[in-house]
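Secondary and tertiary structure notes
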Amino acid sequence: MDLSDMPTRYDASVTEQKWYARWEAAGLFQPESDSQKPTYTITIPPPNITGSLHMGHALCYPIQDLLGRYHRLIGDNVLILPGQDHAGIATQSVVDKQLRKQGTSSSQIGREKFVEKVWEWRKESGDQILHQLRTLGCAFDWSRQRFTLDDKYADAVLKVFIDWYNRGLIFRGKRVVNWDPKLQTSVSDIETLRETRRGKLYHLRYPYADGSGEIVIATTRPETMLADVAVAVHPSDARYKDKIGKTLLLPLVNREIPVIADPYPDPAFGTGAVKITPAHDPNDYQVGIRHGLEMPVILDPQARICLEGPYFGMDRNEARKQILHDLEHGGFLVKTEDHDIPIVISDRSGEVIEPLLSEQWFCDQAKLSEPVIAAVQSKEVSFHPERYDRIFIEWMQNLREWCLSRQLWWGHRIPVYYTESGKTFAALSWEDAQQQAGAEKIVRQDDDVLDTWFSSGLWPFATLGWPENTEDLKRFYPTSCLVTDRNIINLWVARMMMMGFDLTGSKPFSDVMIFATVMREDGRRMSKSLGTGIDPMEVVNKLGADALRYTLLSQTGENQELRYGEKKTEEARNLCNKIWNATRFALMNIEGPIDAPGELTAVDKWLLSRLYFAEKQVREAYGSYNLQTACQHMYRFFWSELCDWYIEVSKPRLNDPDTRSTPQWVLITAIDAFLKMMHPMMPHITEELYQHLPIADKSPFIMASTWPTQPDSRHQPEAEAQIERIFEITRAVRTLRVSLDLPSMKTIPTLYVEGDLQGNESVLASQAWVGEIKSGRPEAEQFVSATVEGVDVHIPITGLIDAEKELARLNKEEERTLADLQRLEDRLSNPQFIERAKPEIVEREQASAEQMRDRLTKIQERRQLFRA
């Protein structure tokens, strides 16, 4: 066959660059119109417009590409719809930094000009990650690409807000939220980081107002005591049974606060008494709600003391120092202890989050939870791995109100308008609001924007045209699968399900695949800020996209933590080379198109039966999202069964014009099927090699071909058992060769066999490098033997190896090893050596002794091989 256009060596940089453009130009990323095929749909988790590829992305998005490519092969009409999220906080932070470099700020240029600047930045820089996804080979339908601030998408977002506002699901109120004092906005849990820092635990004396004693409480944040409204004790705590209802005099403030009974305090921790500051702690806030307590706020948006008095205007950290000084001076500070403190940090600004009672827009999401819980319980929506079902349901059964508003300018501005008298109207525009207000004049629109998770909650259906009943919505909704990270199950998956059921009357997807977190090889978290991140694009440029994809996808299954090391990608690159070289070898041994095979031998039937098994296992693994298992089966079939065994066994037949047609056909059949199975994992190299295969009725692209379902007739368990038996016998002979120090490929003149090889003598001879196979046992000769699968094999060593010389060598080696071992054992039995030597030296000597014992065992086994 002419291989002039096929390089002798695989070059990922050449192969991977050309195929993506060809696939896209052929329209392969778009679903077929008016197709009667079953649909398979994924709307990809929209990456932030500020984003660039990290290792989590390099796993998440190729999983979706893999699923799309697999479902195309099995005959589905596939839509993988891409897009981006406007990423309110992240994007506003990026543009704010740019403005500061230019000597101005958002506050100086105003809201309207600032939003214009963000749109300019988005046009210039916001698509970087989408270009990187193309480099990874992600076959997404870019013609349907969406953005969460597209006009139609934005209208859908506002429509939902208005609908829920009118139904009473959305309201404005005061709740404790995560407050970022630097960005001066509320933030969601996903936009925070949790870490433990070494700090102080302060024990403070709170005296009873009647002078009858005191209660000692412990706090890590003494500055918040200015807003204390109670001290709580557990109802079962006998120490305080007669104290409940009494009042305490709040130190420094001289305000009386009550002692209340509540299940929140832990009687076993500290004194069992807890200061209650509802406006500055989420747990205290719940206590305050239960008891109807006041909720004074003593910090402003910049985290400065806003309470009139000696601390007014102080930063929270400055105030802490002064308050501690005053508490100690007043005799209220009992003691200070070192203490590990859990701290919540803003992921965007690095500022310590302040739990703060703030007036915000909220959603009563508990009212939307019932159909979501039922869908997961009934398996209408299934999580993979399945254990996330329980975690998800538990969270859904304990929902709290969702803070929807952010104090930003970039995003979906909340569509609520105010009259001079303070009346509110939710509307799509100022004009609509004015029409609702009638005679009263609308004077302003709410300044806040919606939480990004609100707009992205509509992603599975708003991207398909909802609220209009578009053809795409009718054809592709509900979607098939969501691939996402475990950290946003509550923030995003739950919201999409609530919105999907409430707004469309249907689930948004059938399956939720939770992929693993990619860690460094040493188990550390990957982080750009910590300097532990690895840039996937650098790996792609060095080793190829297919190699990186395989590295990550081959470790993806039930596990939820994945270790990445470049050595694994080098091994994946070596697999690419092996696939290339094996395919090229097969093509070099083929003159033209392959006709139907001649009579199949047992080894032919064995390989086709192994192909039948591999295809079945890979198909089941892809269908159950166990990509690691799929890779294991493909790797074993290709590397071990096809390359290590079948190709080697078939070389003599391929060199014979009278016998070559059948192994040629088997090889091409196996390679064709393997490339199609591997295509979802490694799309580029499989496409390149597929183009060279001499097969009839070949598709223009492997991506547009069909899954290689194997006929049941290829399942040949008897042939498998027969050939596996021969391979075991072959391994036994190879082991004997190693024991005799015979180099690989050196031919053994004669092998004697006692037992039935079932007509597979040629297989054994070629793979054990034997010149002739005879039946029976050698006579009047020295030989070594092995028994396996009811067959005895004997290798005569006369003339092959000098037995006497070898025995003499073994005896000398045994003497040296025994002497060395005795010296080590004497040292290890000496108590003084054990006591004085460093532990690592003792361990090293113990390991050396164990190695010598193993060597002695092998010497003795080798000596027993020689017998007359």
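What comes next is a walk through the structure. (Residues numbered from 1 in each chain as written. Predicted model: local features only at pLDDT ≥ 70, side-chain atom pairs only at ≥ 80, totals over all residues. Heavy atoms only, no water.)

With that out of the way, let us pick up the overall build of the protein. Tallying secondary structure elements over the protein gives 27 helices and 29 strands in all. Among the 868 residues that make up the protein, the fraction classed as buried is 53%. Carbon and sulfur atoms form 47% of the exposed surface of the protein, whose accessible area is close to 39,200 Å². Charge centroids of the protein, computed over 103 positive and 126 negative side chains, lie 3 Å from each other. (Helix = DSSP H or I, 4+ residues; strand = E, 2+ residues; numbered from the N terminus. Buried < 20%, exposed > 50% of the residue type's maximum accessible area, 1.4 Å probe, protein only. Areas by Shrake-Rupley, 256 points an atom, 1.4 Å probe, with all protein chains shown as cover. Lys, Arg positive; Asp, Glu negative; His and termini not counted. Charge placed at Lys NZ, Arg CZ, Asp CG, Glu CD.)

The subject of this paragraph is the sheet that holds strand 26 (residues 748–754). Strand order in the open sheet formed by four strands is 27-26-29-28, with mixed pairing between adjacent strands. Whereas interior strands pair on both sides, the edge strands pair on one side only; in this sheet they are strand 27 (770–775) and strand 28 (783–788). Between one strand axis and the next, the sheet turns through 25 degrees on average, direction left out of account. Pairing of strand 26 with strand 29 (residues 791–796), which is carried by three bridges, proceeds in the antiparallel orientation. What sits directly across from E754, in strand 29, is D792. (Pairing = 2+ DSSP bridges. Axes fitted to C-alpha atoms, helices over the stretch in contact; angles between N-to-C directions.)

Between two packed helices, what matters for the description is the angle formed by their axes and the separation of those axes. Packing of helix 2 (residues 55–73) against helix 17 (residues 545–553) leaves a shortest axis separation of 10 Å and a crossing angle of 90 degrees. With respect to their mutual orientation, helix 2 and helix 17 come out roughly perpendicular. For the pair formed by helix 2 and helix 17, the contact residues are M55, A58, L59, P62, I63, D65 and L66 on the first element and L548, R549, L552 and L553 on the second. Grouping the constituent residues of the contact of helix 2 with helix 17 by class yields nine nonpolar, no polar and two charged. (Parallel < 35°, antiparallel > 145°, perpendicular 65-115°, else oblique. Contact = heavy atoms within 4.5 Å. Nonpolar A, V, L, I, M, F, W, Y, C, P; charged D, E, K, R; others polar.)

Moving on to the environment of R855. Tracing the sequence through the fold places R855 in helix 27 (residues 839–864). By relative accessible area, which is 38% here, R855 ends up partly exposed. Taking C-alpha positions, R855 is 59 Å from G350, a pair spaced 505 residues apart along the chain. Excluding residues within four positions of it along the chain, R855 makes contact with E813 and T817.

Any pair of aromatic rings gets described here by the distance separating the centres and the angle formed by the planes. Enumeration over the complete set of coordinates arrives at 26 aromatic pairs. A centroid spacing of 6.3 Å and a plane angle of 90 degrees characterise the contact between W19 and F701, whose relative ring orientation is edge-to-face. Of this pair, W19 sits in helix 1 (residues 12–25) while F701 sits in the loop between helix 22 (683–690) and helix 23 (717–739), placing them 682 residues apart in sequence. Note on W119 and F147: the rings are 5.8 Å apart at their centroids and 85 degrees apart in plane angle, and the pair reads as edge-to-face. Taken together, the residues span a long stretch of sequence, with W119 in helix 4 (residues 106–125) and F147 in strand 4 (residues 146–147) at a distance of 28 residues. (Phe/Tyr/Trp six-rings, centres within 6.5 Å; stacked < 30°, edge-to-face > 60°.)

In globular proteins that are soluble, nonpolar side chains generally tend to be buried together. Grouped together as the largest cluster of nonpolar side chains are 133 residues, with contacts concentrated most on Y622 and M681. Top contributing element to this core by residue count: helix 20 (residues 627–654), with 13 residues. Aside from chain neighbours lying at most four places away, what touches M681 is L66, R549, L553, Y622, L627, C631 and M634. Counting 60 residues, the second-largest nonpolar core is a separate cluster that includes V160, I414, W453 and L458. (Core = buried A, V, L, I, M, F, W, Y, C linked by side-chain atoms within 4.5 Å.)

Where helix 9 (residues 370–377) meets helix 10 (residues 388–396), the axes come as close as 10 Å, and the angle between the chain directions of the two elements is 160 degrees. Between helix 9 and helix 10, the crossing angle belongs to the class labelled roughly antiparallel. Considering how the two elements wind past one another, helix 9 and helix 10 form a crossing that is left-handed. Packed against helix 9, whose contacting residues are V372, I373, V376 and Q377, the element helix 10 presents D389, F392, I393 and M396 at the interface. Of the residues contributing to the contact of helix 9 with helix 10, the split by class is six nonpolar, one polar and one charged. (Left-handed = near helix turned anticlockwise from the far one by under 90°.)

With that settled, the discussion passes to unusual backbone geometry. The omega torsion of the bond from H384 to P385 falls at 0 degrees, within 30 degrees of zero and hence cis. Note that P385 resides in the loop between strand 15 (382–384) and helix 10. Residue P467 is bonded to the preceding W466 through a cis peptide linkage, with omega at 15 degrees. You can see P467 is positioned in the loop between helix 13 (459–462) and helix 14 (471–476). Here the phi dihedral of A303 falls at roughly 65 degrees; this positive angle occurs in a residue that is not glycine. One can find A303 in the loop between helix 7 (282–291) and helix 8 (316–329).

On to helix 19 (residues 602–623). For helix 19, built from 22 residues, the straight-helix expectation of 32 Å at 1.5 Å per residue is met to within 8% by its first-to-last C-alpha distance of 32 Å. Extensive coverage of helix 19 is indicated by the burial of 16 of its 22 residues. Where helix 19 terminates, the next one or two residues include Y625, which has phi positive at roughly 65 degrees. (Expected span 1.5 Å × (residues − 1).)

Burial of strand 26 is extensive: five of the seven residues sit out of reach of the surface. On the question of chirality, the crossover connecting strand 26 to the parallel strand 27 by way of helix 24 (residues 761–768) is right-handed. (Right-handed = clockwise from strand over helix to strand, strands pointing away.)

Side chains carrying opposite charge are able to pair once their charged atoms draw close together. This structure, assessed with the given rule, holds 57 salt bridges. Across the pair E440 and K423 runs a salt bridge whose closest N-O atoms are separated by 3.0 Å. Note that E440 is positioned in the loop between helix 11 (430–437) and strand 20 (442–445) and K423 in the loop between strand 18 (416–419) and strand 19 (424–426), a separation of 17 residues in sequence. Among the salt bridges present, the one from R610 reaches E641, with a minimum N-O distance of 2.9 Å. On the criterion of sequence distance, the pair formed by R610 in helix 19 and E641 in helix 20 is long-range, its members being 31 residues apart. Like E641, R610 is buried. One connected set of salt bridges, linked through shared partners, spans R221, E223, R316, R320, E351 and E354. (Salt bridge = Lys/Arg side-chain N within 4 Å of Asp/Glu carboxyl O.)

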